[in-house]
Amino acid sequence: MEFFSQTYVALRGPTGAPQTPSDTIGKLSDRLSPSTLLADRRGAVLALKGLSRDCKQEVGERALAGLLDVLYNDVEVDADIGKAVLETLHTLCDTEDTSPGSKELGFKHTDAILSTEKPAHTLFALLADVGFYIRFAALQLLATLLHNRRQVIQSYFLTAPSGPGTIISVLEDKREIIRNEAITTVKALISQSPDIQKVLAFEGAFEKLFNIVSQEGGVDGGIVAQGALTCIDGLLRFNTSNQSYFRETSLPPVLFALLQFPINLDLRSTGPQEFALQFWDDQKRVNTSLIIGIMGMLIGPKGQNVQESLPYTRCLIEMALASNAPTLLKTQALRLLPSSINFPFSEISLTPYVPVPETNGEEWDRLELASALDILVELAIHGEYNGLDSAKRTKECLELRAAAAAVFENFVRKDDIRQAILQSMIPPEGNAQHSQTTPLLHALAAPPNTTSLNPADVISTHLATLMFSHLLAGSSRTKALARLVIPGPIQPTATPAYFVPADGGPPPTEETPDDDDDAPQTLLQVLTENLSLSLLSRSRANTSDLEAREWDRYVVGYLCLLCQWLWDDPKSVKDFLDAGGLGVLVEPINQTSELDSLVPGLCAFLLGICYEFNREPGEITRSTIQPIINRLGVDNLVGQMTRFREDERFKAVGPDAVVLSSPVSSVQLTQSVAVDNGEIWFDWSFLDFWKSNYYTIQRGLSSDPDQLSSTSGQNAEATMLIASLRDVIRQQSNEIDDLKKQLKQAKDANSEVEDLHKQVAELRTQLQGSEDKRKEVEKEQEDLLVLLDEVTSKRRKDKARLREIGQEVSEDDAEEEDEDE
C-alpha cells in the first residue's frame, strides 16, 4: 500500500490535473535527487521501472543520471531500491527488444552509462553482495552491457579494484540461477581478452569451473556443465600462458577422470571397457567434445616432451579407434592429434569392438588385440566397426575415414618409417613369389568388379591410393621399393566382415591357379591394368551417369597415385610404359566431353610426366612419345590440364576440407535407397603436388626429345639435401658470428691486459725511483750520523780540555757526558 500511495502522490501533481508521460517522468526524475527521502527515491525508481518499457527514450533522457546516482548511493543501503534501479537500467540497455527503435536506444543508453568507469566498477563491487536480488540483477545488467559493449566493460574490469575477486566468488554461489548467470557473464567477459583470461586463471577460475562440472554430473551433465566447460575452453584457447599454467596444476587428471580414462596407461595395456563402451546422447557428445578439445590444446604443437603428451594422445587414440563414441567425436579426436607425430603409434595396443547386429548398440563383440596403426589403416580403408557400414557416403563417415588417412600421412612423414612399411610388402627371399597381402595392399591391387560395381570397393580403393601415395611422395628410395612389390592373386570382393590387422596375414581368399608361366606382375603393372579396366568400364554405352561417376573415382584414384609415383622416377616411367600405359592414357584424351574435365586433365598431366622423365633406354622413348603429343596437340593437352585445374572438385579441396558435398544423391547401385551426399576426390597433398609441378609439365610438353629434363637436379631429394645444406650453412654462419664476438671480446680483453701491463711497468718505474730516493735518503742519514758522531766526539774532547784547564762545564753538558759514559 505504501508503494501505491507514494506512486499516486508522485503522479497526481500539486493540483491533481492529468499529466503527460513526459511530465510524469520529469517529476519522478526530480525525486531521485539525494536530497529527497529514501522512501521517495524508492517510489520514484519503482515508478520509472514501470514506465521504462513503454517510455524508454524519455526515461533514458531525463532520468538516467538520477538512476546512476541512486546506483552509487542507495543500492548498498536498501535492497529494494537496488533491485529496482538495476532492473530499470537493464531495461534501458536491452537491445533484444523487437519494438521499433529499441535496439538503437539500448546502445545509446549503454554508451551513456559506460562513458565513465564508475558504473562498471560499482556493478563489479555489487557482486560481492550475497543478497539474491542484488547479485542476480547486477549479473544480468553486466551481461547486457557485455553483449552491447564488450570491449569497454573488459577495459573497465582490468582497472576495477574488486573485479576478479567478485567474479570468482559468484561462481561459488550455491544458488543455481546465480551460478548459471555467472557462467554466462564469465563466458562473455573472457572472450578475446588474454589479459582477463590470465587474471581469472590465476584467481582460481579453473578450479571453480571444474567444481561446477563435477556438481552437474561431469560429461553426463546438462547445459550448465557445457557452459562451464566452454568457459574453461575460452580461458585456454589461444592463450599459451594459461595452457602452461594449467599443465602445472593438479587439474589435468580431472579431464581424464571426467572421461573415465586412466591417466597412466601402459602402451601394451588395453583401455578400460567402461571408457570404450558407453551410452551416448547429444548433450554428452557436446560435453565430451569440449573436453577432448581441451586435451588437444594441452598436447601442444611440436617439440613437446613425448611423455607429457602421451596420456592425452593415448586417450584420443582410444576414443577414435577403440570405442563406441559418436562418429563426430572420433573425427575430432583424430584431427586433434599433432601433425608431427612423435609418439610410438605402432606400439600402442588397442582392443576394438563391433556392435552385435540387431541389438541397437546395447551389445558389443570384442575383437582381437591389435596395434593402433593396424586399426587406423583398417578404419581408413573399410570404415567404422570393421566395415560394417563401409558403403555409406554420409559426410561424417567420410570425414572420419579421411581424418584417419590424414593421421596415417602424418605418421609416415619420416622416410625410415615409409621404407619399413614398404619393405614389409616386398616378397621375402625364398620360395614366395608374391608379397604378403595386407589390407592396404589388398584394397590397392584388387581389380574393379565390372559386373557389379560396389560403392564400398570404390571408396576403399580410392582411399588406399591416397594412402599409398603418401608412402612414395618425394622419395626415390621408397619408389624403388614399391617397384618390387608383387601382389598375390586378388579377387574383386566386398569389404571383409571381419577384422584384419594392417600388418597381419592375408585374408582367407581362394587363390586361382596360375596356368601361365609368366612372371608375377608387379604392383605398378597391376595398377596399370586396373586403370585400363576402369577406363573401359567407364566408357561402356550402357553406363548410367551415377555409375560413370563411380568409375571416375576409380580412375582419379589410380591416376593421382601414378602421377606422384612416376614423378622424377625414370625407372618407374619405363615400367609403366612397358605395361602399356601410353595407350591407356591417350584414349581418354581423344574422347573428351564438355562435362568431363577430371579424367582427361589427369591423363594429360600423367602423359606429360611420362614424356618429361622417360630417360631410361627402352622400346618407348621420348622420340616415340613426341609424335603422339604433337598429334594430340600441345595446346589441347594444356587446355585439358587448365580445365582440370578449374574444376570445382579440385578447387574446393583444402587442408581441412577433403570431403565435399555431392551434387547428386549417392544411391547404392544394388538398391534404390538414397544414402548420402558426401564424396572424396583429392587430398591436399595431391593439390600441393599438382600446383608445384603443373607449369613444369606444361613447359616440358613443348620441349625437344633430346633436351635434358627441366627438373634435373631439382627433385625432391635434391631439394631436401639443398635445404639441409642451407641449414648447416646457417648454423655454421651463426657459429662464426659467435666466434667473432668471442674473438672481439678476447681482443678487448687483450687490450685491457696490455693497459694493465703498461700500468704495472709505470708502477715498477715509480717504485724503482722511490727505492733509489729511499737509498739516497738512507745514505744521507748514515752520513749525517757519522758526522754527528764526529761532532759528538769532538765536543767531548773539547769539554775534557776545558775541565783540564779549570773551565766550568754546564750541567746539561755534564749530564750528557755522564749519559754518554
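How each quantity is defined
- Within each chain, residues carry numbers counting from 1 in the order of the written sequence.
- In keeping with the predicted nature of the model, local features appear solely for residues at pLDDT of at least 70, side-chain atom pairs appear and are counted solely at 80 or more, and the whole-chain, interface and lining totals rest on all residues.
- To get the side-chain values, take all heavy atoms of the structure and skip hydrogens and water.
- In this text, helices come from DSSP runs of H or I with a minimum length of four residues, and strands from runs of E with a minimum of two, each type numbered from the N-terminal end.
- One less than the number of residues in a helix, times 1.5 Å, gives the span that helix is expected to have.
- Buried means the residue's accessible area, taken with a 1.4 Å probe over protein chains only, is under 20% of the maximum for its type, while exposed means over 50%, and partly exposed covers the values in between.
- Counted as a polar contact is a pair of N or O atoms within 3.5 Å, where, for protein atoms, one must be capable of donating a hydrogen and the other of accepting one, and residues adjacent in sequence contribute only when both atoms are in side chains.
- Any pair of residues with heavy atoms lying within 4.5 Å of one another is described as a contacting pair.
- Whether two aromatic rings pair depends on their centres lying within 6.5 Å, for rings of Phe, Tyr and Trp, where Trp uses its six-membered ring; planes under 30 degrees apart make the pair stacked, over 60 edge-to-face, and the rest tilted.
- Charge over a ring is defined by NZ of Lys or CZ of Arg lying within 6 Å of the ring centre and within 35 degrees of the ring normal.
- Between N-to-C directions, angles span 0 to 180 degrees; the directions come from axes that are lines fitted to C-alpha atoms, helices contributing only their stretch in contact.
- An angle counts as roughly parallel when it lies under 35 degrees, as roughly antiparallel when it exceeds 145, as roughly perpendicular when it falls between 65 and 115, and as oblique in every other case.
- Classification convention: Asp, Glu, Lys, Arg as charged; Ala, Val, Leu, Ile, Met, Phe, Trp, Tyr, Cys, Pro as nonpolar; all other residues, Gly among them, as polar.
- In this scheme the handedness of a crossing depends on how the near helix is turned from the far one: anticlockwise by less than a right angle means left-handed, clockwise means right-handed.
- We define a salt bridge as a contact between a side-chain nitrogen of Lys or Arg and a carboxyl oxygen of Asp or Glu at a distance within 4 Å.
- For every residue, the predictor states its confidence as a pLDDT score lying anywhere from 0 to 100.
- Given a residue, its bend is the angle between the two axes fitted to the seven residues that end at it and to the seven that start from it.
- By nonpolar core is meant a set of buried Ala, Val, Leu, Ile, Met, Phe, Trp, Tyr and Cys residues that side-chain atoms within 4.5 Å join together.

**Let's talk about helix H26 (residues 455-472)**
Between its terminal C-alpha atoms H26 stretches 26 Å, which fits the 26 Å expected from 18 residues at 1.5 Å a residue. Buried residues dominate H26, accounting for 18 of its 18 residues. Put simply, asparagine 454 is the residue that caps the front of H26, since its side-chain oxygen is 3.1 Å from the backbone nitrogen of alanine 456. Two residues or fewer past H26, glycine 474 is found with a positive phi of approximately 75°.

**So, unusual backbone geometry**
In this structure, tyrosine 385 takes a positive phi of about 50° despite not being glycine. Tracing the sequence through the fold places tyrosine 385 in helix H22 (residues 384-387). Positive phi, close to 55°, is recorded for aspartate 568, a residue that is not glycine.

**Brief notes about the environment of phenylalanine 644**
When you line up the elements, phenylalanine 644 lands in helix H34 (residues 634-646). For the pair phenylalanine 644 and valine 599, spaced 45 residues apart in sequence, the C-alpha separation works out to 8.2 Å. Those residues in contact with phenylalanine 644, other than ones at most four positions away along the chain, are Ser597, Leu598, Gly601, Leu602, Phe650, Phe682, Phe686 and Trp690.

**Observations regarding the packing of aromatic side chains**
Counted by the stated rule, this structure contains 27 aromatic pairs. Between phenylalanine 256 and tyrosine 312 the ring centres are 5.3 Å apart and the planes differ by 40°, which places this aromatic pair in the tilted class. Of this pair, phenylalanine 256 sits in helix H16 (residues 252-259) while tyrosine 312 is found in helix H19 (residues 306-321), placing the two residues 56 residues apart along the sequence. Per residue, the accessibility class of phenylalanine 256 equals that of tyrosine 312, and both read buried. Consider the rings of tyrosine 694 and tyrosine 695, whose centres lie 4.9 Å apart with planes at 70°: the pair is edge-to-face. Relative accessible area serves as the criterion here: at 47%, tyrosine 695 is assigned to the partly exposed category. Members of the aromatic cluster, connected to one another through ring pairs, are Trp567, Phe605, Phe613, Phe644, Phe650, Phe682, Phe686, Phe689, Trp690, Tyr694 and Tyr695. Its end group placed over the ring of tryptophan 280, lysine 284 keeps NZ or CZ at 4.8 Å from the ring centre.

**Quick word on the packing of helix H5 (residues 79-93) against helix H6 (residues 102-113)**
Where H5 contacts H6, the two axes come as close as 7 Å, and the packing angle between them is 125°. In this view, H5 runs oblique relative to H6, as classed from their interaxial angle. Contacts between H5 and H6 involve Leu89, Leu92 and Cys93 on the former and, on the latter, Leu105, Gly106, His109, Thr110 and Ile113. Partitioning the contact of H5 with H6 into residue classes produces five nonpolar, three polar and no charged.

**Structural notes on the packing of helix H9 (residues 150-159) against helix H12 (residues 194-202)**
For any two helices packed against each other, the geometry is given by the interaxial angle and the distance between the axes. Running from N to C, H9 and H12 cross one another at 40°; their axes reach a closest spacing of 10 Å. Here H9 is positioned oblique relative to H12, judged by the angle of their axes. Here H9 runs over H12; the crossing is left-handed. Two secondary-structure elements touch here, H9 through Gln154, Phe157 and Leu158 and H12 through Asp195, Ile196, Val199 and Leu200. By residue class, the composition of the contact of H9 with H12 is five nonpolar, one polar and one charged.

**Here's the deal with the pattern of salt bridges**
On inspection of all chains with the given rule, the structure shows 28 salt bridges. Residue arginine 483 is joined to aspartate 569 by a salt bridge in which the shortest nitrogen-to-oxygen separation is 2.9 Å. Pair noted here: arginine 483 is in the loop between helix H27 (476-482) and helix H28 (523-538) and aspartate 569 is in the loop between helix H29 (545-566) and helix H30 (570-578), with a separation of 86 residues, a long-range link. The pair arginine 483 / aspartate 569 is uniform in exposure class, with both members buried.

**Regarding the confidence of the model for the chain**
Mean pLDDT for the chain: 83, with 86% of residues reaching 70 or above. Of all helices and strands in the chain, the one with the weakest mean pLDDT is helix H38 (residues 811-820) (49), whereas helix H14 (residues 223-236) scores best (95). Long-range and interchain partners of residues 665-675, a stretch whose pLDDT sits below 50, account for 24 contacts in this model, where long-range means more than four residues apart. Of the regions scoring below 50 in pLDDT, residues 712-716 engages in five contacts with residues more than four places distant in sequence or in other chains.

**Observations concerning the side chain of asparagine 287**
In this fold, asparagine 287 is placed in helix H18 (residues 282-299). Polar contacts involving the side chain of asparagine 287 include one to the main-chain carbonyl oxygen of glycine 221, which spans 3.0 Å. Leaving out residues up to four positions away in the same chain, asparagine 287 has contacts with Gly218, Val219, Gly221, Gly222, Ala225, Gln226 and Leu229.

**Quick word on helix H36 (residues 684-700)**
Because each turn of an α-helix spans 3.6 residues, side chains separated by three or four positions end up pointing in the same direction. For H36, built from 17 residues, the straight-helix expectation of 24 Å at 1.5 Å per residue is met to within 8% by its first-to-last C-alpha distance of 24 Å. If you look at H36, its biggest bend is around 45°, right at asparagine 693. Residues of H36 that are buried make contact with helix H23 (395-411), H26, H29, helix H32 (598-612), H34 and helix H35 (648-651).

**Some details on the nonpolar core**
Core analysis: the biggest nonpolar cluster contains 202 residues, and Leu321, Leu334, Phe345, Phe468 and Phe682 have the highest contact counts within it. For this core, the element with the most residues is H29, which contributes twelve residues. In this structure, Leu398, Leu466, Val659 and Ile680 belong to the second largest nonpolar core, which totals eight residues.

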